[in-house]
Amino acid sequence: MNLPPLPLQNGSLFIDNSLWVESIDSCWRLLQYRALFRRIPAGESMALSFGGCGHACLEHRYRKYQNAIVPDEYYQEISEIITKQYEAHPCPIEDWRTSNWLMQVLKNYNQRYELEDFELLKAKETVSDGQGKVIFKEGDVLVEMPFVIPLYVHETLGEASIPVFYIGKIDLVVKQDNMLFVMDHKFISQLGQSFFLRAKMLSQLKGYVWAFSMLTGKLVDGYIINAIRSKEPPLYIQGKSDSRSAKQDPAKWWGESFAREKFYCTPNMLDEWKNNVIDKMEMFFWNYARGRFPMATAGLSCVAWGRCPFYDVCSLDLDDRPAMLSSGMFTTNEWSPLNKE
Ligand code: SF4
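Calculation rules
Residues numbered from 1 in each chain as written. Predicted model: local features only at pLDDT ≥ 70, side-chain atom pairs only at ≥ 80, totals over all residues. Helix = DSSP H or I, 4+ residues; strand = E, 2+ residues; numbered from the N terminus. Rg over C-alpha atoms; globule rule 2.2 N^0.38 Å. Buried ≥ 20, exposed ≤ 12 C-beta atoms within 10 Å, placed from the backbone. Contact = placed C-beta atoms within 7 Å. Near = placed C-beta within 6 Å. Nonpolar A, V, L, I, M, F, W, Y, C, P; charged D, E, K, R; others polar. Axes fitted to C-alpha atoms, helices over the stretch in contact; angles between N-to-C directions. Parallel < 35°, antiparallel > 145°, perpendicular 65-115°, else oblique. Left-handed = near helix turned anticlockwise from the far one by under 90°. Core = buried A, V, L, I, M, F, W, Y, C linked by C-beta atoms within 7 Å. pLDDT = per-residue confidence, 0-100.

## Observations regarding the overall build of the protein
So, step 1. Within the protein, the regular secondary structure consists of 12 helices and 11 strands.
So, step 2. In terms of overall dimensions, the protein is globule-like: its C-alpha atoms have a radius of gyration of 22 Å, near the 20 Å expected for 341 residues.
So, step 3. Taking the principal axes of its C-alpha atoms as reference, the protein extends roughly 70 × 50 × 35 Å.
So, step 4. In the protein, buried positions account for 24% of the 341 residues.
So, step 5. In the protein, once contacts between residues fewer than 6 apart in sequence are set aside, the share between residues at least 24 apart is 68%.

## Points about unusual backbone geometry
So, step 1. Phi at Gln66 is positive, roughly 55 degrees, even though this residue is not glycine.
So, step 2. In this fold, Gln66 is placed in the loop between helix H3 (46-65) and helix H4 (72-88).

## Some thoughts on the environment of Arg112
So, step 1. Within the secondary structure, Arg112 sits in helix H5 (residues 99-112).
So, step 2. Between the C-alpha atom of Arg112 and that of Ser18, which follows or precedes it by 94 residues, the distance is 29 Å.

## Brief notes about the site of the ligand
So, step 1. Taken together, Cys27, Arg29, Leu30, Met295, Ala296, Ser301, Cys302, Cys308, Phe310, Tyr311 and Cys314 make up the full set of residues near the ligand.
So, step 2. Of the residues assigned to the shell around the ligand, the class counts are nine nonpolar, one polar and one charged.

## Details of the packing of H3 against H5
So, step 1. Contact pair H3 / H5: the axes reach a minimum separation of 11 Å and the direction vectors enclose 45 degrees. By the criterion of interaxial angle, the relationship of H3 to H5 is oblique. Considering the relative orientation of H3 and H5, their crossing is right-handed. On H5, the residues touching Phe50, Cys53, Gly54 and Cys57 of H3 are Leu102, Val105 and Leu106.
So, step 2. Residue composition of the contact of H3 with H5, grouped by class: six nonpolar, one polar and no charged.

## Section: the environment of Ile78
So, step 1. Summarising the element assignment, Ile78 is placed in helix H4.
So, step 2. Along the chain, Ile78 and His60 lie 18 residues apart, while their C-alpha atoms are 7.6 Å from each other.
So, step 3. Every residue in contact with Ile78, bar those within four places of it in the chain, is listed here: Cys57, His60 and Leu106.

## Focus on helix H2 (residues 28-36)
So, step 1. By the criterion of burial, H2 is predominantly enclosed, with seven of the nine residues buried.
So, step 2. Among the residues of H2, those classed as buried are Arg29, Leu30, Leu31, Gln32, Tyr33, Arg34 and Ala35.
So, step 3. Against helix H1 (17-26), strand S2 (39-41), helix H11 (311-314) and helix H12 (321-326) lie the buried residues of H2.
So, step 4. The first or second residue beyond H2 is Arg38, which carries a positive phi of 55 degrees.

## Considerations on the nonpolar core
So, step 1. If you look at the biggest cluster of nonpolar residues, it comprises 59 residues, and the most contacted ones within it are Val173, Val182, Tyr208, Val209, Phe212 and Tyr223.
So, step 2. Excluding residues that lie within four positions of it along the chain, Tyr208 makes contacts with Gly168, Ile170, Val182 and Tyr223.

## Some remarks on the environment of Ala259
So, step 1. With respect to the element layout, Ala259 can be found in strand S10 (residues 258-264).
So, step 2. When sequence neighbours within four positions are dropped, the list of residues in contact with Ala259 reads Leu191 and Ala227.

## So, the confidence of the model for the protein
So, step 1. On average, residues of the protein score 88 in pLDDT, and 93% of them reach the 70 mark or higher.
So, step 2. Looking at the elements of the protein, mean pLDDT is at its lowest for strand S4 (residues 127-128), recorded as 72, and at its highest for helix H9 (residues 267-290), recorded as 96.

Okay, here's the thing in C-alpha cells:
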C-alpha cells in the first residue's frame, strides 16, 4: 500500500498521544492506518461513547461547581448532556452502558468525592488561540485545557525541515498540599494493581505534565489518575433479585468503583519522556521515508486489549487490504484533541 503525503499543516506535523504516541508504542502498522490513512472503525464503540459522555459531565462539574458539593441542578444540567449524547449515539438494547447507568455512576462518584481536597487552578489572564477564539477567560478554571507545544524540528538532508508539535487536552490542573498535579479521568473496566502499575509508566500523563510545565514555566509535581470503574453491574446493584444478594454489599461494590492514585515526576523523567517521543518520531520518519511500516508479529498487540480494530485488515492478503480499509467497516477519523467535541 502506498503511503499518503505526511499530514502536515503549514509545513508542521502535529502529534497527539492517542493517535500517534500510543499507536507507535503498540504497533507501527496501527499508526499507519490510524494517523496516516486516518481510518478508524465505523461504529463508535459504546465504551468510548460512555467514557466520552462521562468526561463531559465531569468537565461540567469542575468547570461550574469546582471543588464544592454539586447542587441538584447539576443533575438536570448533565441530563441534557447525556440525552444529547445518547440521541447521537444510541445504546444498543443489549448493552448495559445506558444513560440511566451513567447517571447512577456519576451520582455515586459525586457522593464519594463530595468535597474535593484540592484547589483548581485558574487562568491568570485571558488566553486565545491566536485566531481570535478565546480559550480561557481570566479566572476560568483550567478544565479540558488544550495545548500545542513545539517538540522538536525534524531535519533531513536536502529537504525542508519539519517542526513537530505535541498537542493534547488536559482534563484538570489541581493544587494539593502545595504541589501541582495534572489530573486525568479514566473510565476503565478494571481497577486494581495492574491498572495502576501500567498508569505509572503511561507516556500520556508524563507528556501532559511536560506540556503544562512548558506552557506555564511552573514546576509540575506529577499527575493523578482519577479512575472510574465502568463495568457491567451485578444484578444486586441493578436492583434486580439475585440469590447471592444477601451476601453482597452495594456500598462495598461502589467503594471499589472509584480510585485515585498520584504519581510524581522528576525533571529527569520529563526529559526522558521528551527524548523517547523524539526517538520514536525519528523512527517514524525513517520508516516513512522507505515507504512502509512493520507489523506487530508476535500477535500480542493484535489481541492484547481485545481484538485490534484492524485485525480483519491485517489478517488478509496484502492485495486485499486496501479494499477492506476503504469499506464501510471503517470511516475517516476527524478527531483531534484540539476540536471542541
Ligand atoms: S492487527 Fe496487529 S499488526 Fe495489524 S494493526 Fe493491529 S496490532 Fe498491528
